Amino acid sequence: MILIHINNVAQSLTEPTSLAAVILAQDIALDSVAIVLNAELIPRNRWQSILCQHEDKLELFSAVAGG
């Protein structure tokens, strides 16, 4: 079992999973979010190739328009 933290909420994965698949499983559009993995901003073109590891910490950010 792989334990990761998404915005400080623990989540279990049953198998190695890409960052992109983790985001899609959260029902979040890939083009509306930025990912920080273990304090490093990850470029979108690497999301498919990076697999989550035990105790990874993901922070998800989305732009909010306002005035």
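The coordinates are above.
As a starting point, this report considers the structure included with it. None of the values given here were measured: they were computed from a predicted structure.

1. Thoughts on the nonpolar core
The biggest cluster of nonpolar side chains holds 17 residues, and the ones touching the most others in it are Ile4, Leu19, Val22, Ile35, Trp47, Cys52 and Leu58. Taken together, the elements giving at least two residues each to this core come down to β1 (2–6), α1 (19–25), β3 (34–37) and β5 (57–61). The leading source of residues in this core is α1, at four residues. Every residue in contact with Leu58, bar those within four places of it in the chain, is listed here: Ile4, His5, Ile6, Asn7, Leu19, Val22, Ile35, Val36, Leu37 and Cys52.

2. Quick notes on unusual backbone geometry
For Asn7, which is not glycine, the phi torsion reads 50 degrees and is therefore positive. For Asn7, the position within the fold is in the loop between β1 and β2 (9–13). The partly exposed category is assigned to Asn7, whose relative accessible area is 39%. Phi is positive for Asp27, close to 65 degrees, though the residue is something other than glycine. Turning to its location among the elements, Asp27 is positioned in the loop between α1 and β3.

3. Brief notes about the pairing of β1
Taken across its five residues, β1 has four buried, putting it largely inside the fold. Judged from the five bridges that link them, β1 and β2 form a sheet pairing that is antiparallel. The residue of β2 that forms the bridge with Ile6 is Val9. Counting the residues between successive antiparallel strands, the hairpin from β1 to β2 contains two residues, one of them, Asn7, with a positive phi of roughly 50 degrees. Examined bridge by bridge, β1 and β5 share two bridges and lie parallel to one another. Opposite His5, over in β5, you have Lys57 as the bridge partner.

Parameters and conventions
Residues numbered from 1 in each chain as written. Predicted model: local features only at pLDDT ≥ 70, side-chain atom pairs only at ≥ 80, totals over all residues. Heavy atoms only, no water. Core = buried A, V, L, I, M, F, W, Y, C linked by side-chain atoms within 4.5 Å. Buried < 20%, exposed > 50% of the residue type's maximum accessible area, 1.4 Å probe, protein only. Helix = DSSP H or I, 4+ residues; strand = E, 2+ residues; numbered from the N terminus. Contact = heavy atoms within 4.5 Å. Pairing = 2+ DSSP bridges.

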